[in-house]
Each structure stands twice: as C-alpha cells, then as structure tokens.
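Chain and residue survey
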Amino acid sequence: GRTEPLLAGKSVALLFSKASTRTRTSFEVGVYQMGGLGTYLSAADMQIARGEPIQDTARVLGRYYDAIVYRTFKQSDVDALARYSGVPVVSGMTDYAHPLQVLTDLMTVREYKGKLAGLKAGFVGDGYNMANSLIVGCLMGMDFTIACPNGYRPSADVLFFAREYGDHFKLTTAPDEAARGADVLFTDVWTSMGMERETERRRRDFNGFCLDAARMALAKPDCIVQHPLPAHRGEEITPDVFETHADEIFDEAENRLHVEKAVLGILLAGK
Ligand code: CP
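These figures come from a predicted structure and were not determined experimentally.

**Some thoughts on the site of the ligand**
Close to the ligand lie S20, T21, R22, T23, R71, H98, Q101, P228, L229 and R256. S20 is positioned with one of its side-chain polar atoms (N or O) 2.7 Å from an oxygen atom of the ligand. Across the complex, the protein chains shield 96% of the 260 Å² of accessible surface that the ligand would expose by itself. Cavity membership is defined here by more than half of the atoms lying within 2 Å of grid points; on that basis the ligand lies in the largest pocket.

Here it is in structure tokens:
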C-alpha cells in the first residue's frame, strides 16, 4: 500500500558497530519510503573507533538527527546514547536484546495464526539476545518453552521477569520439550557476532539442538518456523526444515520493514 510521508524533513541516523543485512537495508528503505533521510554510519569509520566517547557522539548526532537507530555490542552503550542524545534511540540489536526482531516475529506469527493468545511457542538454541527478547515478547499471551544447553541460559533478569508468568514459561535443556505441540518454533545461530573464536566449542555444546525433521514432527502439523537470519544450515536448522519453512522465514524478514516503519511513525510523525 501507499506510504504516507510521515518522515518528510526528518533525518534518522543508522549507526552500526556490527554487520547487518536486514536491519540496515530495511531501515534505509523504510525511511526513504516515509519521505525522510536515513544515513548509514559505520562505527568503524567514525571517531568512536578512535576512542571518542559514546556520550559525546550522542550529543553531536542528537543535534543533527531526529532519531538514531543503534546496533552495537553492549546494551549500556545504547542506553548511554539514549540518555545523552536527546532524541529517540531505537535498538538495532545488542548482545542483550533484539527487540525489533521480536516485534516482527510476533507480527508474523499473528499473520499466520490470526492470534497470539493461547499459542504454544518454543525456542531451541542459545539463551542470548533473541532468547531474552523472545521471552518478553512471547509471554504477551503465548506459552513459551525455551531449550538451551547448560551454560547458555538467558539473562538472569529476564528469567526473573519470566517467573511472573508461572506455568506459561518453561526453561529446559531438552529441545524436544520446546518442540512438542508447538504452534511456532524459533531458533537462531549458535555463534553470534563477536563470538567467532568460540565456534568450535559451541558446535560441540549445541550438538543435538538443531531444528530437524524429527524434532519438527513433535510440533503441531501446521507449526511455523521463525529464524531472524542469517541461517547456518546444518547447525541450528537443517536445509530441509529451512526450505520447508522458507516462506514463513522470508515473510518474517519482510516484516522487519513494516515494523520499523510503524516504530518510526510512532516516534516521529507530527513531532
Ligand atoms: N535479523 C537481523 O537482525 O538481520 P541482520 O543482522 O542482517 O540485520
């Protein structure tokens, strides 16, 4: 459909300290479709890389831009950017959380299932940023079981939050428990950005945590699969499961664009 020029005259900084395909391009296209200017800023090419504090970068960018999207490692750097910039800051992912991806996942699940309430969701993989954000997002109405190997649990504060939801939340080391009866199954890479030196150890530790056909057979027959991408076929998901569920996964990727436009519209339209 037609996009209203809700960002006409507005500028959005897209500041990235980590690689990105979807987040970068969907924001660039989304801001353009809404009539604004999106500027991609690689942190590696900025004075941040030579030690300029994030607080100072924030106070400069906040004088030029109407909002900032920031992908980086430490959540505390996103928090500092938000505190010092004086403009809305949107997390494009940190080591702690990936909120836009999970908003997108919830949108996609609702597109396929017509609802969220009462569904059974499962996650098989690393208790890292996607797991943290999925716990918060999925517990808005769904039952959620997360299966991680020992030593790869989600953040303690997120698990504390989940305790409020009683039997609607379960943490296990048995991936089949997350799959059994599921309406939607989520997974993510075993080795996230910045952890490359741990790749071999992680392959050993996550052995048995793959979404394969046998595990999918435990889920409901119409179970959908969500993966934020990029996917490592043969690690967290088999090539056949990926291709069987490719429409759902690439609808999910498309929905990043729609969710980000909605978020920017809420933050900036009419301001
Ligand atoms: N899902 C996601 O965040 O993809 P990118 O790392 O390519 O931005």
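**Considering the layout of surface pockets**
Each pocket or cavity is described by its volume, and for the largest pocket that value is around 400 Å³. If you go around the largest pocket, you meet 24 residues; those closest to its centre are R71, M93, M193, L229 and P230. Among the elements of the structure, α1 (22-33) and α5 (129-138) are those that each provide at least two residues to the lining of the largest pocket. L103, L106, M107, R110, L116, M140, V259, A262 and V263 together form the lining of the second largest pocket. Breaking the lining of the second largest pocket down by element, the ones donating at least two residues are α4 (99-113) and α11 (246-268). It is α4 that contributes the most residues to the lining of the second largest pocket, four residues altogether. For the lining of the second largest pocket, a count of residues per class yields eight nonpolar, no polar and one charged.

**Considerations on helix α3 (residues 75-85)**
Among all positions of α3, only D77, V78, A80, L81 and S85 are buried. Down the axis of α3, the buried set is contained in an arc of 160°. They therefore lie on one face. Buried residues in α3 make contact with α2 (54-64), β3 (67-71) and β4 (89-91). With its phi angle positive at about 75°, G86 sits one or two positions after the end of α3.

**A word on unusual backbone geometry**
L229 connects to P230 through a cis peptide bond whose omega is 5°. Structurally, the position occupied by P230 is in the loop between β9 (224-226) and α10 (239-244). The phi dihedral of M93 falls on the positive side, at around 120°, and the residue is not glycine. By the secondary structure assignment, M93 is in the loop between β4 and α4. Among the residues examined, M93 registers a relative accessible area of 8% and is labelled buried. The residue L229 is not glycine, and still its phi comes out positive at about 70°. By secondary structure assignment, the location of L229 is in the loop between β9 and α10.

**Some words on the packing of α1 against α11**
Running from N to C, α1 and α11 cross one another at 50°; their axes reach a closest spacing of 9 Å. Between α1 and α11, the crossing angle belongs to the class labelled oblique. In this structure, α1 meets α11 at a crossing whose hand is right-handed. Together, R22, T23, S26, F27, V29, G30, V31 and Q33 of α1 and A253, R256, L257, E260, K261 and L264 of α11 make up the contact between the two elements. Here the residues of the contact of α1 with α11 are counted per class, giving six nonpolar, four polar and four charged.

**Quick word on the nonpolar core**
Grouped together as the largest cluster of nonpolar side chains are 24 residues, with contacts concentrated most on I135, M142, F144 and F186. Broken down by secondary-structure element, the contributors of at least two residues to this core are α4, β5 (120-124), α5, β6 (143-147), α6 (156-163) and β8 (184-187). If you tally residues by element for this core, the top one is α5, at five residues. Residue contacts for F186: discarding those within four places in its chain leaves D105, V109, A121, G122, F123, V124, L134, C138, F144 and Q226. By size, the runner-up hydrophobic cluster in this structure holds 22 residues, among which are A219, L229, I237 and F242.

**Things to note about the sheet that holds strand β2 (residues 37-42)**
One open sheet accounts for four strands, arranged β2-β1-β3-β4; its pairing is parallel. Either end of the sheet is taken by a strand with one partner, and the two such strands are β2 and β4. For this sheet, the mean angle separating the axes of adjacent strands, direction not counted, is 20°. Of the strand pairs in this sheet, strand β1 (residues 11-16) and β2 are connected by six bridges, and their pairing is parallel. Across the sheet, the residue bridging to V12 is G38, located in β2.

**Quick notes on the side chain of N129**
Position of N129 relative to the elements: it lies in helix α5. In this structure the side chain of N129 is engaged in a polar contact, spanning 2.9 Å, whose partner is the backbone oxygen of T94. Excluding anything up to four places from it in sequence, N129 contacts M93, T94, D95, Y96, A97, H98 and D188.

Rules used in this analysis
- Residues numbered from 1 in each chain as written.
- Predicted model: local features only at pLDDT ≥ 70, side-chain atom pairs only at ≥ 80, totals over all residues.
- Heavy atoms only, no water.
- Near = heavy atom within 4 Å.
- Polar contact = N/O pair within 3.5 Å; in protein donor to acceptor, adjacent residues only side chain to side chain.
- Areas by Shrake-Rupley, 256 points an atom, 1.4 Å probe, with all protein chains shown as cover.
- 1 Å grid on protein atoms, 1.4 Å probe; cavity = no way out; pocket = protein on both sides within 12 Å on 5 of 7 lines; lining within 4 Å.
- Sits in = over half its atoms within 2 Å of the grid points.
- Points joined across faces, edges and corners; volume = space filled by probe spheres on them.
- Helix = DSSP H or I, 4+ residues; strand = E, 2+ residues; numbered from the N terminus.
- Nonpolar A, V, L, I, M, F, W, Y, C, P; charged D, E, K, R; others polar.
- Buried < 20%, exposed > 50% of the residue type's maximum accessible area, 1.4 Å probe, protein only.
- Arc of directions from axis to C-beta.
- Contact = heavy atoms within 4.5 Å.
- Axes fitted to C-alpha atoms, helices over the stretch in contact; angles between N-to-C directions.
- Parallel < 35°, antiparallel > 145°, perpendicular 65-115°, else oblique.
- Left-handed = near helix turned anticlockwise from the far one by under 90°.
- Core = buried A, V, L, I, M, F, W, Y, C linked by side-chain atoms within 4.5 Å.
- Pairing = 2+ DSSP bridges.

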